[in-house]
Amino acid sequence: MAMWDAVRLVRFVQAELKCEIFKKSHKDYCPVITVGGSYPGFLSAMMRVRHSDVVDMAYSASAPMKFYSQNVNSTEYYNHITQVAEKSHVGCSNAVRSNLVDSFGSIVRDVKTMDDFQEMLSMLGICKDGVPAYIQQTGDGDIEEIRNTFYQELNMIVAYTFANYNMAYYPPGNTTSLYQACSLFLNQDLEPYERLSRFLLGVENSASTSAVVDTREQQCFNMSSQLPSGKNATISSGDWSGVGSQRNGQMWDFQTCHLLVEQIGFGSKSMFPERPWTMEWLEQHCQLRFGVIPDPYKLVHEWKFDDLEHLGVTHILFTNGLNDGWSVGGITQNISDTLLVLNFENGAHHSDLSAVGPSDRDTLDIQHGYVQIASILKEWLDSLSQHEHKMQPMKDSRQKNRAGSSLSSSRLQEPLLTHIY
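Residues numbered from 1 in each chain as written. Predicted model: local features only at pLDDT ≥ 70, side-chain atom pairs only at ≥ 80, totals over all residues. Heavy atoms only, no water.

Trainee: Is there a simple way to think about the environment of K304 in this case?
Mentor: Tracing the sequence through the fold places K304 in the loop between helix 13 (298-303) and helix 14 (308-311). For the pair K304 and S69, spaced 235 residues apart in sequence, the C-alpha separation works out to 8.6 Å. In contact with K304, other than residues within four places in its own chain, are L299 and L311. (Helix = DSSP H or I, 4+ residues; strand = E, 2+ residues; numbered from the N terminus. Contact = heavy atoms within 4.5 Å.)

Structural data, given as structure tokens:
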């Protein structure tokens, strides 16, 4: 529905501007470019695929295309997160793995009673009443089940927090949250449980500035703060890169429980304890949470975005930051003369979509990328006045999708841009 809403809004704005909407070479024709990053980057590309009669070209940054076509091995995402963490700070991956598997794992295994459990919470700086009820009710109060579920969920928090720091790892350097988190786990002046405790306090304060906070400012970590809204909410949700908390988390949990299935798990090469992703786990979670059955192949079978060239799609620009975990599911090679890719060695998650444009803050590859992007889009716009570059609209494009959109508009020399959020 979101894409149909965008189509209607585009047509409304074009009518308000008295645009020619059919003859692309006409002086009053208003070109339409969709722009988006991450999941909205996927939607940007799909607007060109599904509504080529309305959208002339698409700019799609950090779009997880291959995740949604189910063409990514489940261990690739966190393997890449691990590699980038190690690149950011040598020794990071071993330090994190040792802390979680050896030190923290040993503490959890020593928990034999609920008194032991409460003592562990105190040691880790976790609020006494901050452990979600479903963890403490696991296995009808069986202490082994409780401690194992707790261990699993706390590891999930650490992992998806590193995933968030990975997305923000731009420009790369020692001022980033990723570097600071690695430094914390490498700090030999702290006991392993102190490293984890300080990291968790940084999680809850991550909206402010840093991955490391002064523990004097906050006394304990509330695990329940990580829960999305709604019944049967759990920290491990539909998207193991993290769904977020509260209402936003609930909405993304549903999305990734239904059509936007992402196979993301933990293998032996990641710095996190092994935990395989399975469809059986996802189905059980989604049934209990929303009463829905995941349908991972519905979109790709109906929209066929796993073979854009054969589909006849043209004029989409894909960009990827190669430090970004999502790049393992991106389109990273040119498909045709008009399905182009720009990869940025120093880029993270849609680093090329800053609101500022090229600046002294940007790395050279991103600065050069802005020039390349502008050149490509200008060339495509110029070609509109010479001939119509369109693909045949696909039949029955009325598929449900959920996203917001906002628009700005102008004439041929200043194209109507559809920003999909």
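Trainee: What should I look at first to understand the layout of surface pockets in this one?
Mentor: Gaps left between atoms are located by rolling a probe of water-molecule size over the structure's atoms. Volume-wise, the second largest pocket comes out at about 340 Å³. Along the wall of the second largest pocket there are 13 residues; nearest its centre are Y134, T234, W281, H285 and L288. The set of elements that each furnish at least two residues to the lining of the second largest pocket consists of helix 8 (143-167) and helix 12 (279-290). Ranked by the residues each element gives to the lining of the second largest pocket, the list is headed by helix 12, at four residues. For the lining of the second largest pocket, the per-class residue count stands at four nonpolar, seven polar and two charged. (1 Å grid on protein atoms, 1.4 Å probe; cavity = no way out; pocket = protein on both sides within 12 Å on 5 of 7 lines; lining within 4 Å. Points joined across faces, edges and corners; volume = space filled by probe spheres on them. Nonpolar A, V, L, I, M, F, W, Y, C, P; charged D, E, K, R; others polar.)

Trainee: Looking at this structure, how should I read helix 12?
Mentor: Since there are 3.6 residues in each turn of an α-helix, residues three or four apart along the chain are aligned in direction. Helix length check: helix 12 (12 residues) gives 16 Å between terminal C-alpha atoms against 16 Å at 1.5 Å per residue, within 8%. G291, located one to two residues past helix 12, shows a positive phi value of around 70°. (Expected span 1.5 Å × (residues − 1).)

Trainee: Before we go on, may I ask you to explain the state of the cysteines in this structure?
Mentor: Two cysteines joined by a covalent bond between their sulfur atoms form a disulfide. Scanning all chains against the criterion turns up four disulfides. Cysteine pairing for the chain, with bonded cysteines counted in sequence order: 1-2, 3-5, 4-6, 7-8. (Disulfide = S-S within 2.5 Å.)

Trainee: Got a minute to help me understand the packing of helix 4 (residues 76-88) against helix 5 (residues 92-109) in this structure?
Mentor: The N-to-C vectors of helix 4 and helix 5 enclose an angle of 120°; their axes lie 7 Å apart at closest approach. In this view, helix 4 runs oblique relative to helix 5, as classed from their interaxial angle. Here T82, A85 and E86 of helix 4 come into contact with helix 5, specifically with C92, S93, N94 and R97. Taken together, the residues that form the contact of helix 4 with helix 5 break down as two nonpolar, three polar and two charged. (Axes fitted to C-alpha atoms, helices over the stretch in contact; angles between N-to-C directions. Parallel < 35°, antiparallel > 145°, perpendicular 65-115°, else oblique.)

Trainee: Just to check I follow, could you spell out a negative patch on the surface for this structure?
Mentor: On the surface, a cluster of negative charge is contributed by D140, D142, E144 and E145. If you trace the backbone, D140 turns up in the loop between helix 7 (133-136) and helix 8. Given a relative accessible area of 80%, D140 falls into the exposed group. (Patch = residues over 30% accessible without salt bridge, like charges linked within 9 Å, V, L, I, M, F, W, Y side chains within 5 Å. Areas by Shrake-Rupley, 256 points an atom, 1.4 Å probe, with all protein chains shown as cover. Salt bridge = Lys/Arg side-chain N within 4 Å of Asp/Glu carboxyl O. Lys, Arg positive; Asp, Glu negative; His and termini not counted. Charge placed at Lys NZ, Arg CZ, Asp CG, Glu CD. Buried < 20%, exposed > 50% of the residue type's maximum accessible area, 1.4 Å probe, protein only.)

Trainee: Would you take a moment to explain the side chain of N166 for this structure?
Mentor: Along the polypeptide, N166 turns up in helix 8. Classification of N166 by relative accessible area gives buried; the value is 0%. Only 2.9 Å separates the side chain of N166 from the backbone nitrogen of G325, close enough to count as a polar contact. Filtering out sequence-adjacent residues up to four positions away, N166 remains in contact with I81, V84, N323, D324, G325 and A348. (Polar contact = N/O pair within 3.5 Å; in protein donor to acceptor, adjacent residues only side chain to side chain.)

Trainee: Would you take a moment to explain the nonpolar core for this structure?
Mentor: Within soluble globular proteins, side chains that are nonpolar tend to cluster in buried spots. Ranked by internal contacts, the top residues of the largest apolar core, which has 99 residues, are F150, L154 and F162. Among the elements that take part in this core, helix 8 stands out by supplying 13 residues, more than any other. Those residues in contact with F162 that lie beyond four places of it in its chain are I81, C92, V96, L178, A181, C182, F185, F199, M271 and F272. (Core = buried A, V, L, I, M, F, W, Y, C linked by side-chain atoms within 4.5 Å.)

Trainee: When you look at the environment of G41 in this model, what are you seeing that I'm missing?
Mentor: If you trace the backbone, G41 turns up in helix 2 (residues 39-50). Placed 309 residues apart in sequence, G41 and H350 show a C-alpha to C-alpha distance of 8.9 Å.

Trainee: Where do I start with the packing of aromatic side chains in this structure?
Mentor: The geometry of an aromatic ring pair is captured by two quantities: the separation of the ring centres and the angle between the planes. A complete count under the given rule lists 24 aromatic pairs for this structure. Relative to F272, the ring of Y78 has its centre 5.4 Å away and its plane inclined at 75°; by these criteria the two rings are edge-to-face. In this pair, Y78 is assigned in helix 4 and F272 in the loop between helix 11 (246-258) and helix 12, connecting sequence segments 194 residues apart. Residue class for F272 comes out buried when judged on its relative accessible area of 3%. (Phe/Tyr/Trp six-rings, centres within 6.5 Å; stacked < 30°, edge-to-face > 60°.)

Trainee: Help me understand the environment of Q284 in this model?
Mentor: With respect to the helices, strands and loops of the structure, Q284 is situated in helix 12. Through-space distance from the C-alpha of Q284 to that of P294 is 9.8 Å; in sequence the pair is 10 residues apart.

Trainee: What exactly am I supposed to notice about the side chain of S270 here?
Mentor: Within the secondary structure layout, S270 lies in the loop between helix 11 and helix 12. At 3.1 Å, the side chain of S270 and the backbone nitrogen of F272 are in polar contact. Apart from the residues lying within four places of it in its own chain, the contact partners of S270 are Y78, N79, T82 and R97.

Trainee: Could you clarify how one ought to interpret the pattern of salt bridges in this entry?
Mentor: Side-chain pairs of opposite charge can arise whenever the charged atoms involved come near each other. All chains considered together, the criterion is met by six salt bridges. The salt bridge involving D28 is made with K27; its shortest N-O contact spans 3.3 Å. On the accessibility criterion, D28 (24% relative accessible area) is partly exposed. A residue is classified by how much of its surface remains accessible, and K27, at 65% relative accessible area, is exposed. With its nearest N and O atoms 2.9 Å apart, the salt bridge here joins D382 to K378. Of this pair, D382 and K378 are both found in helix 15 (residues 364-384), four residues apart, which corresponds to roughly one turn of the helix. D382 gets classed as partly exposed once you look at its relative accessible area, which sits at 36%. Accessibility expressed as a relative area gives 51% for K378, which makes it exposed.

Trainee: Please clarify how the pairing of strand 3 (residues 316-321) should be interpreted in this entry.
Mentor: Residues in a regular strand project their side chains so that they alternate between the two faces of the sheet. Along strand 3, six of the six residues are buried, which leaves the element largely enclosed by surrounding structure. Burial of the side chains of strand 3 extends over both faces: I316, F318 and N320 are buried on one face and L317, T319 and G321 on the other. The pairing of strand 2 (residues 57-61) with strand 3 spans four bridges and is parallel. Across the sheet, the residue bridging to S60 is F318, located in strand 3. Bridge count for strand 3 against strand 4 (residues 339-344) is six bridges, and the pairing is parallel. Residue I316 lies in a different strand from strand 4, and its bridge partner there is L339. (Pairing = 2+ DSSP bridges.)

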